[in-house]
Amino acid sequence: MAAEYTRIVLKSGKDQSLKRFHPWVFSGAIKKTYGPLNEGDLVEVFSNKDEFLGLGHYQVGSITVRIISFVKTEPDYDFWKSKIQKAWEYRKVLGFGQNEKINVFRLVHAEGDGLPGLIIDFYNGTAVMQMHSVGMYMIRGILVKALREVLGDRLKAVYNKSVKTLPGKAAIEPEDEYLCGEKAEPEVLENGLKFNIDWEAGQKTGFFIDQRENRLLVQHYAENRDVLNMFGYTGGFSIYAMQGGAKSVHSVDASAKAIDLTNENVGLNFPEDSRHEAFTADAFEYLKDIQDKYDLIILDPPAFAKHRSSMHQALQGYKRINTRAFEQIRNGGILFTFSCSQVVSRDRFREAVFSAAAISGRTVRILHQLTQPFDHPVNIYHPEGEYLKGLVLYVE
Ligand code: SAH
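The following refers to the structure shown. (Residues numbered from 1 in each chain as written. Predicted model: local features only at pLDDT ≥ 70, side-chain atom pairs only at ≥ 80, totals over all residues. Heavy atoms only, no water.)

### Focus: the overall build of the protein chain
Logical step 1: Helices and strands together make up the secondary structure of the protein chain, namely 10 helices and 20 strands.
Logical step 2: Radius of gyration (C-alpha) of the protein chain: 22 Å, near the 21 Å computed for a compact globule of 396 residues.
Logical step 3: Split into buried and exposed, the 396 residues of the protein chain put 53% on the buried side.
Logical step 4: Here the contacts in the protein chain between residues at least 6 apart in sequence split such that 65% fall between residues at least 24 apart.
Logical step 5: Element-wise, carbon and sulfur atoms account for 49% of the exposed surface of the protein chain, whose accessible area totals about 17,600 Å².
Logical step 6: Each charge sign in the protein chain was given a centre, from 48 positive and 50 negative side chains, and these centres are 6 Å apart. (Helix = DSSP H or I, 4+ residues; strand = E, 2+ residues; numbered from the N terminus. Rg over C-alpha atoms; globule rule 2.2 N^0.38 Å. Buried < 20%, exposed > 50% of the residue type's maximum accessible area, 1.4 Å probe, protein only. Contact = heavy atoms within 4.5 Å. Areas by Shrake-Rupley, 256 points an atom, 1.4 Å probe, with all protein chains shown as cover. Lys, Arg positive; Asp, Glu negative; His and termini not counted. Charge placed at Lys NZ, Arg CZ, Asp CG, Glu CD.)

### Some remarks on the site of the ligand
Logical step 1: Around the ligand lies a shell of 16 residues, among which Q203, D253, D282, A283 and D300 are the nearest.
Logical step 2: One nitrogen or oxygen atom from the side chain of D282 is found 2.8 Å from a nitrogen atom belonging to the ligand.
Logical step 3: Between the ligand and D300 there is a distance of 2.7 Å, counted from a nitrogen atom to a side-chain nitrogen or oxygen.
Logical step 4: For the ligand, whose free accessible area comes to 580 Å², the fraction covered by protein is 88%.
Logical step 5: Per-class residue counts for the shell around the ligand are eight nonpolar, four polar and four charged. (Near = heavy atom within 4 Å. Polar contact = N/O pair within 3.5 Å; in protein donor to acceptor, adjacent residues only side chain to side chain. Nonpolar A, V, L, I, M, F, W, Y, C, P; charged D, E, K, R; others polar.)

### So, the sheet that holds strand β6 (residues 63-69)
Logical step 1: Pairing is mixed across the open sheet formed by six strands, whose spatial order is β2-β6-β5-β4-β1-β3. Only two strands of the sheet have a single neighbouring strand rather than two, namely β2 (24-26) and β3 (30-34). For this sheet, the mean inter-axis angle between neighbouring strands, taken without regard to orientation, is 35°.
Logical step 2: Strand direction decides the pairing type here: strand β5 (residues 52-58) and β6, joined by four bridges, are antiparallel. Each bridged residue has a counterpart across the sheet, and for H57 the counterpart in β6 is R66. (Pairing = 2+ DSSP bridges. Axes fitted to C-alpha atoms, helices over the stretch in contact; angles between N-to-C directions.)

### Thoughts on empty space enclosed by the protein
Logical step 1: Inspection of every chain in the model, using the stated rule, returns one cavity of 30 Å³ or more.
Logical step 2: If you add up the space inside the largest cavity, you get close to 40 Å³.
Logical step 3: At the level of secondary structure, the elements contributing two or more residues to the lining of the largest cavity comprise α10 (346-360) and β20 (389-395).
Logical step 4: A breakdown of the residues in the lining of the largest cavity according to their chemical character gives two nonpolar, two polar and three charged. (1 Å grid on protein atoms, 1.4 Å probe; cavity = no way out; pocket = protein on both sides within 12 Å on 5 of 7 lines; lining within 4 Å. Points joined across faces, edges and corners; volume = space filled by probe spheres on them.)

### Observations concerning the pattern of salt bridges
Logical step 1: Taken as a whole and judged by the stated rule, the model has 19 salt bridges.
Logical step 2: In this structure, D295 engages R330 in a salt bridge whose closest nitrogen and oxygen atoms are separated by 3.1 Å. Of this pair, D295 sits in the loop between α8 (283-286) and β17 (296-299) while R330 sits in the loop between α9 (311-328) and β18 (333-339), placing them 35 residues apart in sequence.
Logical step 3: Classification of D295 by relative accessible area gives buried; the value is 12%.
Logical step 4: Owing to a relative accessible area of 24%, R330 belongs among the partly exposed residues under this scheme.
Logical step 5: A single salt-bridge network, built from bridges that share partners, covers D226, K247, D295 and R330. (Salt bridge = Lys/Arg side-chain N within 4 Å of Asp/Glu carboxyl O.)

### Brief notes about the sheet that holds strand β15 (residues 248-253)
Logical step 1: Here seven strands make up an open sheet; going across it, the order is β16-β15-β14-β17-β18-β20-β19 and the pairing mixed. Looking at strand neighbours, the two that pair on one side only are β16 (276-280) and β19 (364-370), the edges of this open sheet. Averaged over all pairs of adjacent strands, the angle between their axes in this sheet comes to 15°, without regard to strand direction.
Logical step 2: Both β17 and β18 contribute to a ladder of four bridges, which runs parallel. In the sheet register, I298 faces β18, and the bridge partner there is F336.

### Thoughts on the pairing of strand β13 (residues 193-196)
Logical step 1: In this sheet, β13 lies alongside strand β12 (residues 187-190) in antiparallel orientation, the contact comprising four bridges. Each residue of the ladder has a partner; that of E190, found in β13, is L193.
Logical step 2: Counted between consecutive antiparallel strands, the loop separating β12 from β13 contains two residues, among which N191 sits at a positive phi close to 50°.

### Topic: the nonpolar core
Logical step 1: Within the largest apolar cluster, 35 residues are counted, with the highest numbers of intra-cluster contacts made by Y123, F195, L296, I298 and F336.
Logical step 2: Elements with a minimum of two residues in this core: β13, α5 (212-221), α6 (236-243), β17 and β18.
Logical step 3: Per-element tally for this core: the top contributor is α6, with five residues.
Logical step 4: If near-sequence neighbours (up to four positions away) are discounted, F336 is found in contact with N214, L217, V218, Y221, L296, I297, I298, L299, L370, L391 and V392.
Logical step 5: One finds Y5, L107, L155 and C180 within the second-largest nonpolar core, a separate group that totals 34 residues. (Core = buried A, V, L, I, M, F, W, Y, C linked by side-chain atoms within 4.5 Å.)

### Observations regarding the environment of G192
Logical step 1: In this fold, G192 is placed in the loop between β12 and β13.
Logical step 2: In this structure G192 comes out as partly exposed when scored by relative accessible area, which is 37%.

### Observations concerning helix α2 (residues 77-93)
Logical step 1: With 17 residues, α2 extends 24 Å from end C-alpha to end C-alpha; this agrees with the ideal 24 Å at 1.5 Å per step.
Logical step 2: Within the span of α2, buried status applies to Y77, F79, W80, K83, I84, A87, W88 and R91.
Logical step 3: The inward-facing, buried residues of α2 abut β5, β6, β7 (104-109), β8 (118-123), α3 (134-138) and α4 (140-151). (Expected span 1.5 Å × (residues − 1).)

### Digging into the side chain of D15
Logical step 1: Take D15: it is sitting in the loop between β1 (6-10) and α1 (16-19).
Logical step 2: Using a relative accessible area of 7% as the deciding quantity, one classes D15 as buried.
Logical step 3: Sequence-distant contacts of D15, defined by excluding residues within four places in its chain, comprise L10, S47, E51 and L53.

Structure (C-alpha coordinates):
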(Lines give C-alpha, C1' and ligand atoms only; values in the text may rest on other atoms or scores of the structure.)
Protein backbone atom coordinates (compact mmCIF):
# COMPACT_ATOMS: atom_id res chain seq x y z
CA MET A 1 0.00 0.00 0.00
CA ALA A 2 1.29 3.43 -0.90
CA ALA A 3 2.27 5.63 2.04
CA GLU A 4 -0.07 8.50 2.88
CA TYR A 5 1.64 11.78 3.45
CA THR A 6 0.01 14.96 4.71
CA ARG A 7 -0.56 17.38 1.84
CA ILE A 8 0.53 20.98 1.96
CA VAL A 9 -0.92 23.25 -0.71
CA LEU A 10 0.83 26.50 -1.61
CA LYS A 11 -0.76 29.85 -2.36
CA SER A 12 -1.14 30.74 -5.97
CA GLY A 13 2.15 32.03 -7.42
CA LYS A 14 4.21 30.59 -4.54
CA ASP A 15 5.11 27.46 -6.49
CA GLN A 16 7.71 29.10 -8.73
CA SER A 17 10.78 28.57 -6.58
CA LEU A 18 10.01 24.87 -6.08
CA LYS A 19 9.52 24.47 -9.82
CA ARG A 20 13.07 25.81 -10.10
CA PHE A 21 14.22 23.16 -7.61
CA HIS A 22 14.77 25.51 -4.68
CA PRO A 23 14.44 23.18 -1.68
CA TRP A 24 12.74 25.44 0.89
CA VAL A 25 9.05 26.16 1.50
CA PHE A 26 8.55 29.24 3.66
CA SER A 27 5.65 29.42 6.10
CA GLY A 28 4.17 32.44 4.30
CA ALA A 29 3.79 30.45 1.06
CA ILE A 30 1.41 27.89 2.55
CA LYS A 31 -2.31 28.11 1.80
CA LYS A 32 -3.61 25.01 3.51
CA THR A 33 -2.55 21.71 5.04
CA TYR A 34 -4.55 18.50 4.87
CA GLY A 35 -3.85 16.05 7.66
CA PRO A 36 -1.86 15.82 10.87
CA LEU A 37 1.51 17.57 11.14
CA ASN A 38 4.29 16.64 13.51
CA GLU A 39 7.79 18.03 13.30
CA GLY A 40 9.96 15.68 11.30
CA ASP A 41 7.06 14.22 9.28
CA LEU A 42 7.39 13.72 5.55
CA VAL A 43 4.87 15.90 3.70
CA GLU A 44 3.91 16.30 0.05
CA VAL A 45 3.79 19.82 -1.33
CA PHE A 46 1.36 20.76 -4.11
CA SER A 47 0.70 23.92 -6.08
CA ASN A 48 -2.65 25.68 -5.95
CA LYS A 49 -3.43 23.87 -9.22
CA ASP A 50 -2.85 20.47 -7.65
CA GLU A 51 0.54 19.88 -9.26
CA PHE A 52 2.97 17.80 -7.20
CA LEU A 53 6.03 19.92 -6.33
CA GLY A 54 8.06 17.89 -3.89
CA LEU A 55 8.37 15.69 -0.83
CA GLY A 56 10.09 17.03 2.25
CA HIS A 57 10.54 17.22 6.00
CA TYR A 58 8.10 19.36 7.91
CA GLN A 59 9.41 21.70 10.60
CA VAL A 60 7.86 24.51 12.62
CA GLY A 61 9.58 27.75 11.65
CA SER A 62 10.13 30.14 8.83
CA ILE A 63 11.48 27.32 6.62
CA THR A 64 8.52 24.98 7.01
CA VAL A 65 9.44 22.24 4.54
CA ARG A 66 12.87 21.12 3.38
CA ILE A 67 12.46 19.20 0.11
CA ILE A 68 14.30 15.92 -0.26
CA SER A 69 12.77 14.88 -3.59
CA PHE A 70 11.15 16.77 -6.46
CA VAL A 71 9.61 13.58 -7.84
CA LYS A 72 7.05 11.36 -6.13
CA THR A 73 8.77 8.73 -4.06
CA GLU A 74 8.62 6.77 -0.83
CA PRO A 75 12.05 7.20 0.68
CA ASP A 76 13.34 3.84 1.84
CA TYR A 77 16.82 2.81 2.97
CA ASP A 78 18.12 2.73 -0.63
CA PHE A 79 16.90 6.27 -1.24
CA TRP A 80 19.01 7.62 1.64
CA LYS A 81 21.95 5.36 0.94
CA SER A 82 22.08 6.55 -2.63
CA LYS A 83 22.27 10.17 -1.44
CA ILE A 84 25.16 9.38 0.92
CA GLN A 85 26.83 7.34 -1.83
CA LYS A 86 26.62 10.27 -4.26
CA ALA A 87 28.05 12.65 -1.67
CA TRP A 88 30.98 10.27 -1.15
CA GLU A 89 31.51 9.71 -4.92
CA TYR A 90 31.73 13.48 -5.33
CA ARG A 91 34.33 13.76 -2.52
CA LYS A 92 36.35 10.99 -4.19
CA VAL A 93 36.38 12.98 -7.43
CA LEU A 94 37.88 15.82 -5.39
CA GLY A 95 40.62 13.50 -4.19
CA PHE A 96 39.48 13.00 -0.59
CA GLY A 97 40.01 9.52 0.72
CA GLN A 98 43.21 9.08 -1.32
CA ASN A 99 45.10 12.12 -0.08
CA GLU A 100 47.54 11.16 2.66
CA LYS A 101 47.92 14.75 3.75
CA ILE A 102 44.22 15.47 4.28
CA ASN A 103 41.97 13.25 6.37
CA VAL A 104 39.44 15.87 7.42
CA PHE A 105 36.73 17.05 5.05
CA ARG A 106 33.02 17.74 4.80
CA LEU A 107 31.20 14.63 3.59
CA VAL A 108 27.66 16.03 3.46
CA HIS A 109 26.88 19.72 3.04
CA ALA A 110 23.10 19.90 3.48
CA GLU A 111 21.32 21.44 0.46
CA GLY A 112 24.60 21.32 -1.49
CA ASP A 113 24.35 17.52 -1.41
CA GLY A 114 20.57 17.22 -1.72
CA LEU A 115 20.25 16.55 2.01
CA PRO A 116 18.78 19.72 3.55
CA GLY A 117 19.09 19.77 7.32
CA LEU A 118 22.12 17.46 7.45
CA ILE A 119 25.83 18.20 7.88
CA ILE A 120 28.43 15.42 8.17
CA ASP A 121 32.09 16.21 8.75
CA PHE A 122 34.67 13.45 8.52
CA TYR A 123 37.58 13.51 10.98
CA ASN A 124 40.01 10.71 10.19
CA GLY A 125 37.50 7.90 10.71
CA THR A 126 34.94 9.68 12.88
CA ALA A 127 31.88 11.11 11.12
CA VAL A 128 30.37 13.97 13.10
CA MET A 129 26.72 14.57 12.21
CA GLN A 130 24.91 17.79 12.82
CA MET A 131 21.18 17.90 12.18
CA HIS A 132 19.25 21.09 11.60
CA SER A 133 15.85 19.44 11.15
CA VAL A 134 13.87 16.96 13.21
CA GLY A 135 13.22 14.94 10.04
CA MET A 136 16.93 14.19 9.66
CA TYR A 137 17.28 13.44 13.36
CA MET A 138 14.49 10.88 13.17
CA ILE A 139 16.25 8.90 10.45
CA ARG A 140 19.67 8.94 12.14
CA GLY A 141 19.69 5.14 12.39
CA ILE A 142 19.22 4.82 8.62
CA LEU A 143 21.92 7.41 7.97
CA VAL A 144 24.42 5.58 10.19
CA LYS A 145 23.70 2.28 8.43
CA ALA A 146 24.16 3.96 5.05
CA LEU A 147 27.40 5.62 6.16
CA ARG A 148 28.79 2.30 7.35
CA GLU A 149 27.91 0.58 4.12
CA VAL A 150 29.21 3.37 1.88
CA LEU A 151 32.45 4.10 3.76
CA GLY A 152 33.25 0.54 4.88
CA ASP A 153 36.44 0.21 6.94
CA ARG A 154 37.17 3.88 6.63
CA LEU A 155 34.45 4.62 9.16
CA LYS A 156 35.31 3.93 12.79
CA ALA A 157 32.66 5.93 14.61
CA VAL A 158 29.68 8.22 14.16
CA TYR A 159 29.07 11.01 16.66
CA ASN A 160 25.75 12.84 16.60
CA LYS A 161 26.09 16.42 17.78
CA SER A 162 22.72 18.03 17.22
CA VAL A 163 21.47 19.26 20.59
CA LYS A 164 22.52 22.84 19.84
CA THR A 165 21.41 22.89 16.20
CA LEU A 166 18.07 21.05 16.31
CA PRO A 167 14.95 23.18 16.43
CA GLY A 168 11.78 21.82 18.05
CA LYS A 169 13.71 19.75 20.58
CA ALA A 170 10.93 19.35 23.13
CA ALA A 171 9.22 16.34 21.61
CA ILE A 172 12.35 14.36 20.79
CA GLU A 173 14.75 15.12 23.67
CA PRO A 174 17.92 14.67 21.63
CA GLU A 175 21.29 13.78 23.11
CA ASP A 176 24.79 14.20 21.78
CA GLU A 177 26.19 10.70 21.57
CA TYR A 178 28.13 8.09 19.61
CA LEU A 179 25.70 6.27 17.34
CA CYS A 180 28.34 3.69 16.49
CA GLY A 181 31.95 3.11 17.48
CA GLU A 182 33.58 5.09 20.25
CA LYS A 183 35.67 8.15 20.97
CA ALA A 184 38.84 7.99 18.89
CA GLU A 185 42.18 9.72 18.52
CA PRO A 186 41.24 13.35 17.83
CA GLU A 187 44.33 14.18 15.75
CA VAL A 188 43.72 14.94 12.08
CA LEU A 189 45.82 16.11 9.17
CA GLU A 190 45.04 19.06 6.94
CA ASN A 191 47.53 19.72 4.19
CA GLY A 192 50.07 17.79 6.24
CA LEU A 193 49.55 19.97 9.33
CA LYS A 194 48.30 18.42 12.58
CA PHE A 195 45.21 19.49 14.49
CA ASN A 196 43.68 18.19 17.67
CA ILE A 197 39.92 18.35 17.23
CA ASP A 198 37.46 18.31 20.10
CA TRP A 199 34.25 17.45 18.25
CA GLU A 200 32.40 16.76 21.49
CA ALA A 201 32.98 20.13 23.16
CA GLY A 202 34.25 22.33 20.32
CA GLN A 203 32.34 24.86 18.24
CA LYS A 204 30.28 23.56 15.29
CA THR A 205 31.54 20.04 14.58
CA GLY A 206 34.93 20.88 16.09
CA PHE A 207 36.84 22.54 13.26
CA PHE A 208 36.26 25.12 10.56
CA ILE A 209 37.00 22.86 7.60
CA ASP A 210 35.67 25.51 5.23
CA GLN A 211 38.82 27.65 5.52
CA ARG A 212 41.23 24.94 4.28
CA GLU A 213 42.04 26.50 0.90
CA ASN A 214 42.08 30.02 2.30
CA ARG A 215 44.57 28.93 4.95
CA LEU A 216 46.87 27.72 2.16
CA LEU A 217 46.70 31.19 0.67
CA VAL A 218 47.77 32.69 4.00
CA GLN A 219 50.70 30.26 3.99
CA HIS A 220 51.58 31.50 0.52
CA TYR A 221 51.77 35.15 1.58
CA ALA A 222 53.13 34.75 5.10
CA GLU A 223 56.89 34.68 4.49
CA ASN A 224 58.73 37.19 6.65
CA ARG A 225 55.53 38.89 7.73
CA ASP A 226 54.26 39.78 11.19
CA VAL A 227 50.87 38.12 11.27
CA LEU A 228 47.74 38.78 13.34
CA ASN A 229 45.16 35.98 13.30
CA MET A 230 42.07 37.59 14.79
CA PHE A 231 39.18 35.26 15.78
CA GLY A 232 41.66 32.37 15.60
CA TYR A 233 39.64 29.56 17.25
CA THR A 234 41.80 26.41 16.81
CA GLY A 235 44.64 28.42 15.32
CA GLY A 236 44.27 27.14 11.76
CA PHE A 237 45.42 30.28 10.00
CA SER A 238 48.26 30.78 12.52
CA ILE A 239 49.75 27.36 11.89
CA TYR A 240 49.65 27.78 8.12
CA ALA A 241 51.26 31.23 8.51
CA MET A 242 54.09 29.65 10.51
CA GLN A 243 54.46 26.96 7.87
CA GLY A 244 54.75 29.72 5.29
CA GLY A 245 57.70 31.29 7.12
CA ALA A 246 56.04 34.13 9.03
CA LYS A 247 58.38 36.23 11.18
CA SER A 248 55.89 36.30 14.05
CA VAL A 249 52.30 35.16 14.55
CA HIS A 250 49.82 36.47 17.12
CA SER A 251 46.56 34.55 17.60
CA VAL A 252 43.67 36.33 19.31
CA ASP A 253 40.30 34.95 20.44
CA ALA A 254 37.78 35.99 23.10
CA SER A 255 37.53 32.40 24.30
CA ALA A 256 40.25 31.14 26.63
CA LYS A 257 39.43 27.61 25.56
CA ALA A 258 40.09 28.51 21.93
CA ILE A 259 43.44 29.96 22.94
CA ASP A 260 44.34 26.71 24.76
CA LEU A 261 43.43 24.75 21.61
CA THR A 262 45.55 27.10 19.50
CA ASN A 263 48.59 26.69 21.75
CA GLU A 264 48.13 22.93 21.72
CA ASN A 265 47.90 22.81 17.92
CA VAL A 266 50.88 25.12 17.44
CA GLY A 267 52.85 22.85 19.78
CA LEU A 268 51.90 19.77 17.73
CA ASN A 269 53.40 21.29 14.59
CA PHE A 270 56.06 23.71 15.82
CA PRO A 271 57.19 22.70 19.30
CA GLU A 272 59.26 25.32 21.15
CA ASP A 273 58.80 27.87 18.38
CA SER A 274 58.96 31.34 19.87
CA ARG A 275 57.45 33.01 16.80
CA HIS A 276 53.93 32.34 18.12
CA GLU A 277 52.01 34.05 20.91
CA ALA A 278 48.32 33.75 21.74
CA PHE A 279 46.10 36.23 23.58
CA THR A 280 42.63 35.98 25.06
CA ALA A 281 41.06 39.31 24.15
CA ASP A 282 38.03 40.96 22.63
CA ALA A 283 38.57 41.82 18.99
CA PHE A 284 37.16 45.32 19.18
CA GLU A 285 39.47 46.13 22.12
CA TYR A 286 42.56 44.46 20.68
CA LEU A 287 42.19 46.17 17.32
CA LYS A 288 42.23 49.62 18.95
CA ASP A 289 45.98 49.56 19.29
CA ILE A 290 47.84 47.64 16.60
CA GLN A 291 49.42 50.60 14.80
CA ASP A 292 52.13 49.38 12.40
CA LYS A 293 52.51 46.09 14.30
CA TYR A 294 51.36 43.76 11.53
CA ASP A 295 51.76 43.33 7.81
CA LEU A 296 49.38 40.39 7.41
CA ILE A 297 46.05 40.45 9.23
CA ILE A 298 43.30 37.83 9.15
CA LEU A 299 39.80 38.79 10.28
CA ASP A 300 37.54 35.72 10.40
CA PRO A 301 34.74 36.66 12.79
CA PRO A 302 31.77 34.49 13.78
CA ALA A 303 28.54 35.08 11.83
CA PHE A 304 27.70 38.62 12.95
CA ALA A 305 24.18 38.15 11.52
CA LYS A 306 22.30 34.92 12.08
CA HIS A 307 19.01 36.43 10.94
CA ARG A 308 17.95 39.10 8.50
CA SER A 309 16.88 41.32 11.41
CA SER A 310 20.47 41.72 12.59
CA MET A 311 21.90 42.43 9.14
CA HIS A 312 22.38 46.17 9.62
CA GLN A 313 24.20 45.67 12.89
CA ALA A 314 26.33 42.96 11.30
CA LEU A 315 27.37 45.23 8.44
CA GLN A 316 28.36 47.90 10.98
CA GLY A 317 30.42 45.27 12.79
CA TYR A 318 32.25 44.29 9.59
CA LYS A 319 32.84 47.95 8.79
CA ARG A 320 34.23 48.66 12.24
CA ILE A 321 36.77 45.85 12.44
CA ASN A 322 37.90 46.32 8.86
CA THR A 323 38.32 50.08 9.34
CA ARG A 324 40.60 49.39 12.32
CA ALA A 325 42.64 46.95 10.27
CA PHE A 326 42.96 49.28 7.25
CA GLU A 327 43.96 52.22 9.45
CA GLN A 328 46.74 50.39 11.23
CA ILE A 329 48.16 47.70 8.93
CA ARG A 330 51.70 48.47 7.75
CA ASN A 331 52.34 49.82 4.27
CA GLY A 332 52.40 46.93 1.83
CA GLY A 333 50.29 44.86 4.22
CA ILE A 334 47.85 42.12 3.25
CA LEU A 335 44.41 41.86 4.82
CA PHE A 336 42.39 38.63 4.68
CA THR A 337 38.83 39.50 5.65
CA PHE A 338 35.85 37.12 5.84
CA SER A 339 32.14 36.90 6.50
CA CYS A 340 30.40 33.58 7.12
CA SER A 341 26.93 35.10 7.66
CA GLN A 342 24.56 33.46 5.22
CA VAL A 343 22.18 36.43 5.26
CA VAL A 344 24.92 38.92 4.32
CA SER A 345 25.33 38.79 0.56
CA ARG A 346 28.68 38.95 -1.22
CA ASP A 347 27.84 42.46 -2.48
CA ARG A 348 26.78 43.75 0.92
CA PHE A 349 29.94 42.42 2.53
CA ARG A 350 32.05 43.95 -0.17
CA GLU A 351 30.35 47.31 0.31
CA ALA A 352 31.05 47.19 4.05
CA VAL A 353 34.73 46.48 3.40
CA PHE A 354 34.87 49.18 0.70
CA SER A 355 33.41 51.73 3.14
CA ALA A 356 36.00 50.72 5.71
CA ALA A 357 38.79 51.20 3.15
CA ALA A 358 37.40 54.61 2.20
CA ILE A 359 37.26 55.75 5.83
CA SER A 360 40.93 54.82 6.24
CA GLY A 361 41.85 56.64 3.02
CA ARG A 362 44.38 53.94 2.10
CA THR A 363 45.06 52.71 -1.44
CA VAL A 364 43.70 49.19 -1.61
CA ARG A 365 43.85 46.54 -4.32
CA ILE A 366 41.86 43.32 -4.42
CA LEU A 367 44.23 40.37 -4.65
CA HIS A 368 41.69 37.55 -4.37
CA GLN A 369 37.99 37.01 -3.86
CA LEU A 370 37.42 33.91 -1.80
CA THR A 371 34.65 31.50 -1.00
CA GLN A 372 34.08 28.09 0.56
CA PRO A 373 35.90 25.02 -0.79
CA PHE A 374 34.48 22.33 -3.08
CA ASP A 375 33.63 19.92 -0.25
CA HIS A 376 31.07 22.56 0.81
CA PRO A 377 29.29 22.56 -2.57
CA VAL A 378 26.64 25.06 -3.54
CA ASN A 379 23.50 23.63 -5.13
CA ILE A 380 22.98 25.83 -8.19
CA TYR A 381 19.27 26.13 -7.39
CA HIS A 382 20.00 27.23 -3.80
CA PRO A 383 22.27 30.29 -3.95
CA GLU A 384 21.86 30.81 -0.18
CA GLY A 385 24.24 27.87 0.18
CA GLU A 386 27.15 30.13 -0.72
CA TYR A 387 27.75 31.51 2.76
CA LEU A 388 31.50 32.10 3.04
CA LYS A 389 32.86 35.28 1.50
CA GLY A 390 36.39 36.54 1.68
CA LEU A 391 38.56 39.30 0.27
CA VAL A 392 42.33 39.42 0.21
CA LEU A 393 43.44 43.03 -0.02
CA TYR A 394 46.80 44.64 -0.62
CA VAL A 395 47.10 47.86 1.36
CA GLU A 396 49.71 50.18 -0.15
N1 SAH B 1 39.25 31.48 12.04
C2 SAH B 1 38.79 30.31 12.73
C3 SAH B 1 37.29 30.27 12.93
C4 SAH B 1 36.74 31.46 13.64
S5 SAH B 1 35.25 31.15 14.47
C6 SAH B 1 39.29 29.06 12.02
O7 SAH B 1 39.87 29.15 10.93
O8 SAH B 1 39.09 27.98 12.55
C9 SAH B 1 35.03 32.61 15.33
C10 SAH B 1 35.85 32.76 16.60
O11 SAH B 1 35.68 34.10 17.06
C12 SAH B 1 35.44 31.86 17.76
O13 SAH B 1 36.54 31.10 18.16
C14 SAH B 1 35.00 32.83 18.87
O15 SAH B 1 35.43 32.41 20.16
C16 SAH B 1 35.71 34.10 18.48
N17 SAH B 1 35.06 35.35 18.92
C18 SAH B 1 33.74 35.63 18.95
N19 SAH B 1 33.53 36.91 19.32
C20 SAH B 1 34.75 37.46 19.53
C21 SAH B 1 35.22 38.75 19.91
N22 SAH B 1 34.37 39.74 20.15
N23 SAH B 1 36.54 38.95 19.99
C24 SAH B 1 37.42 37.95 19.74
N25 SAH B 1 37.04 36.71 19.36
C26 SAH B 1 35.73 36.46 19.27
